[in-house]
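Architecture at a glance
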Amino acid sequence: MGQRAENTFRTSIKEGGIVRMGWKKTIKKGLKQLSLKKGNEQKPFIEMGENWSKSEAVPVAFMFGFNPWKREHSSKFFSEYRTAFVFGQGDLKRLQPFINKASQVVFIVWGFKEPEGLTAYAAKKGIKVLRVEDGFVRSVGLGAAHTFPLSIAVDSKTLYFNARQPSDLEELLNTYEVSAEMLQRARECRLQLIQQGVSKYNHTAQTDINKIYGEKKSKRILVIGQVEDDASIQYGLEAKMTNNDLVRAAAKEHPECEIIYKPHPDVLGGYRKAFSNPMDVTDVAKVVTEPLGIVDALQTIDHVYTMTSLVGFEALIRGIPVTCYGSPFYAGWGLTTDRQPNARRQRKRTIDEIFAISYLVYPRYMNPDTGEHIQLEEAMKILIRQRAESMELEGDKKRQALAFSEAEQLYKQALNLVYQPGREQVYIELLNDARQYEKSLRLIEEKQRQNSLPDSLYCEKGIAYAGLGHYQAALSSLLKVEKKSKRQMLALIRLLWKIEGPSDRLLQATEETLKMLDVDFSKEDIMQFAAILNHCGHPYKAKRLLREKQIEPIEVPYLSLAVNFDFDQLNASTYSEKVVVNQLIQSEGQFQQLLTTQKKIGIVLEATSQEALHHFCQKFDTLIFVTKPTFPLVDRNRSFVIFSAIHPELHEQVKLSQVELLLCNEPGLIHRYPHGSDYMRTLIERGVKLESYPQGLYRELVNQLGRKPSDRELLLFWIVQQTGEKIAEEQILYSGNSEDKDMLKSYIVEGVLQ
């Protein structure tokens, strides 16, 4: 420690320096001085990577212009060096002592973000300068969103997009002889890239392009927007031009065509500034503002206009003609229409030759998990896996938001990406998540014929059976799992809660799951566990669990949980639930009372026609619908009962003010209903009485059938058990098919159906 620095720091404190200078500034200054090593200046860089613990003979790479979030990742791309990331702009005078100490030095610069005079200094000292940019197959997310790249482009002359002088890539394209083997490899990679939908950025889900572009009625020109102050435009475009200028140029040159303008995603996302407003060209072009990946954007396109964008090359490899107003690396080789000639580029190249050199020879690829350098083929596999995982996570979010159709679409897209031999486990899990249970079971049974199933596949088999409603088979498969996992226990708990209700076995499984170590449960999982504890008669355990996990009543979607919180009734978030629960309790037994007091009851399982339905309704005072009525309920002399799921869609299909009783087709409405109280309170305020299916009857019927009962079976079983007698055939309106007859024989008066 320098004595002078120590004395200065102590003096500043003794003399009231903290008071005069401000205590934060004083301490910061003192700590900075104390951190100086004796006889040396403070290092203006940070050393990163494992090579610093190895021999000092390893060359030192001083890294300029690398954002802090990408330093550690970037160091792995340069495993041949000890990487030192220079702070800020990089003061060469402060670096001088450290440069002199190193036996071998290289300067590596991100883009053109070097301190003034660096290139002249390097030339004078004979130090090699490498420039770095993102590679052409980069990542699932955007760089502006701090997503690590799978590849980088490293150039010893200039960056590949700098058309002012030759780069390593340009020299390779001018001189490199592509072998027949490499040409074949390039062709296979290019086709795989097209087939798998891989591009530089892969952050958007697949899109139905017809919903964005509309019906195609003429030739389509796609204009690619760029970040207008981006270095690729500054160094690759001689003329002054904005994105809007490019759009209007395309429209002028192709007045008969449909012009589609896709602004850059960083601009749309607010990451980068827009110098021209895309909305100013809506008179000549359709402006796409929705998230849209490049692969999807190129669908149905006949021609692409760009200044210097890599999208032009993405179009070329898909056989789409491209007009370039600048001079990107792929222009000038005979494949593009060039508005900015480049005299240095004289050689004619095929698309596979350019692909081989720019995608196989020129970039560096790295496995982000292992840090190992890899080839393009492996990078594409990793990227596809990451895309699938990203889609699955997005699907999970959609599912939690109850957007099930969107979630299922994302899962299916993920499935199409990841399936390959040896990855059946992942594929089967995704199949179940996408609710493709039949396909999942077929794959599991095929594996079972070859070998005994591992625990993980018994779990998936149980999930698939449960999804198909084969409850006993599902329970059997899930109980065969010896090594418990989060996925298996959650599936088992949900199944037991559904078919058994508040049973000892459900309580035991829940408490066993809560004791699992090193398992992170989501907030939704915790709330479900609490709801089960409450339903099983342990409200205090439920409240303790929620408080331990810091979950407030307003976040809890289960009715009885919110009510059980000891909060003031003025709290609207719990008072609303109290209203609903009280009404539900008061409504218990309403259906039994209706069955005993009303003699003329008709049951509509399925209406064959509106005329038949109208004729049937005339015979009865009360009508129970299993299928939602297909006509307005306007007859005020009759009572109407709906047997259905409690869901807002029902409100859109039925005029509920005319419904006397709404029967939920699942048990435990107070405890198990996971969507909160708002919709049910709306129904109650409109005078609708709600009642859920009796848990005991549900359990008894499931045990009889060994599977999920249909809504028809549930209703008829309920009626027969409540009245103690079978139903007359004339009380039921149904389609008359053989399947209906077989089912009805258990519930109607014997001997009627032949």
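Before reading on, note that the structure itself is shown above.
Described below are features of the structure shown in this document. Worth saying up front: this structure is predicted, and the values here are computed from it rather than measured.

Scoring rules and cut-offs
- Residues numbered from 1 in each chain as written.
- Predicted model: local features only at pLDDT ≥ 70, side-chain atom pairs only at ≥ 80, totals over all residues.
- Heavy atoms only, no water.
- Buried < 20%, exposed > 50% of the residue type's maximum accessible area, 1.4 Å probe, protein only.
- Helix = DSSP H or I, 4+ residues; strand = E, 2+ residues; numbered from the N terminus.
- Arc of directions from axis to C-beta.
- Pairing = 2+ DSSP bridges.
- Contact = heavy atoms within 4.5 Å.
- Salt bridge = Lys/Arg side-chain N within 4 Å of Asp/Glu carboxyl O.
- Core = buried A, V, L, I, M, F, W, Y, C linked by side-chain atoms within 4.5 Å.
- Axes fitted to C-alpha atoms, helices over the stretch in contact; angles between N-to-C directions.
- Parallel < 35°, antiparallel > 145°, perpendicular 65-115°, else oblique.
- Left-handed = near helix turned anticlockwise from the far one by under 90°.
- Nonpolar A, V, L, I, M, F, W, Y, C, P; charged D, E, K, R; others polar.

1. So, helix α5 (residues 92-101)
- All of the buried residues in α5 are Leu-92, Leu-95, Phe-98 and Ile-99. Buried residues of α5, seen end-on, are gathered within an arc of 115 degrees and therefore sit on one face of the element. Turned more than 90 degrees off the buried face of α5, the exposed positions are Lys-93, Asn-100 and Lys-101.

2. Some details on the sheet that holds strand β10 (residues 303-306)
- What the six strands build is an open sheet, ordered β9-β8-β7-β10-β11-β12; its pairing is parallel. Each having just a single partner strand, β9 (286-287) and β12 (337-338) make up the two edges of the open sheet.
- With two bridges joining them, strand β11 (residues 322-324) and β12 adopt parallel strand pairing. Bridging across to β12, Thr-323 finds its partner in Thr-337.

3. Things to note about the side chain of Ser-327
- Residue position: Ser-327 is located in the loop between β11 and β12.
- Look at Ser-327 and you get buried, because its relative accessible area is 2%.
- Leave out the neighbours within four places in its chain, and Ser-327 touches Ala-163, Gly-236, Met-307, Thr-308, Gln-340, Asn-342 and Arg-345.

4. Quick notes on the pattern of salt bridges
- The full count for this structure, using the stated rule, is 24 salt bridges.
- Across the pair Arg-131 and Glu-114 runs a salt bridge whose closest N-O atoms are separated by 2.8 Å. Taken together, the residues span a long stretch of sequence, with Arg-131 in strand β5 (residues 128-134) and Glu-114 in the loop between β4 (105-110) and α6 (118-125) at a distance of 17 residues. The pair Arg-131 / Glu-114 is uniform in exposure class, with both members buried.
- Connected via shared salt-bridge partners are Lys-157, Asp-168 and Glu-171.

5. Overview of the nonpolar core
- Counting residues in hydrophobic clusters, the biggest one holds 79 residues, and the most contacted among them are Phe-591, Leu-715, Leu-716 and Ile-732.
- Looking at this core, the element that brings in the most residues is helix α22 (residues 486-499), giving nine residues.
- Every residue in contact with Phe-591, bar those within four places of it in the chain, is listed here: Ile-624, Leu-661, Leu-663, Glu-691, Leu-715, Trp-718 and Ile-719.
- The next biggest cluster of nonpolar side chains, apart from the first, holds 58 residues, and it includes Cys-189, Val-304, Ile-357 and Tyr-359.

6. A look at the packing of helix α18 (residues 424-433) against helix α19 (residues 437-450)
- One can describe the packing of α18 onto α19 by two numbers: an axis separation of 8 Å at closest approach and a directional angle of 150 degrees. Taken together, the axes of α18 and α19 lie roughly antiparallel to each other. Here α18 and α19 pass one another in a crossing that is left-handed. Along its contact with α18, which presents Glu-424, Tyr-427, Ile-428, Leu-431 and Asn-432, the element α19 presents Tyr-437, Lys-439, Ser-440, Leu-443, Ile-444 and Lys-447.
- Looking at the contact of α18 with α19, its residues break down into six nonpolar, two polar and three charged.

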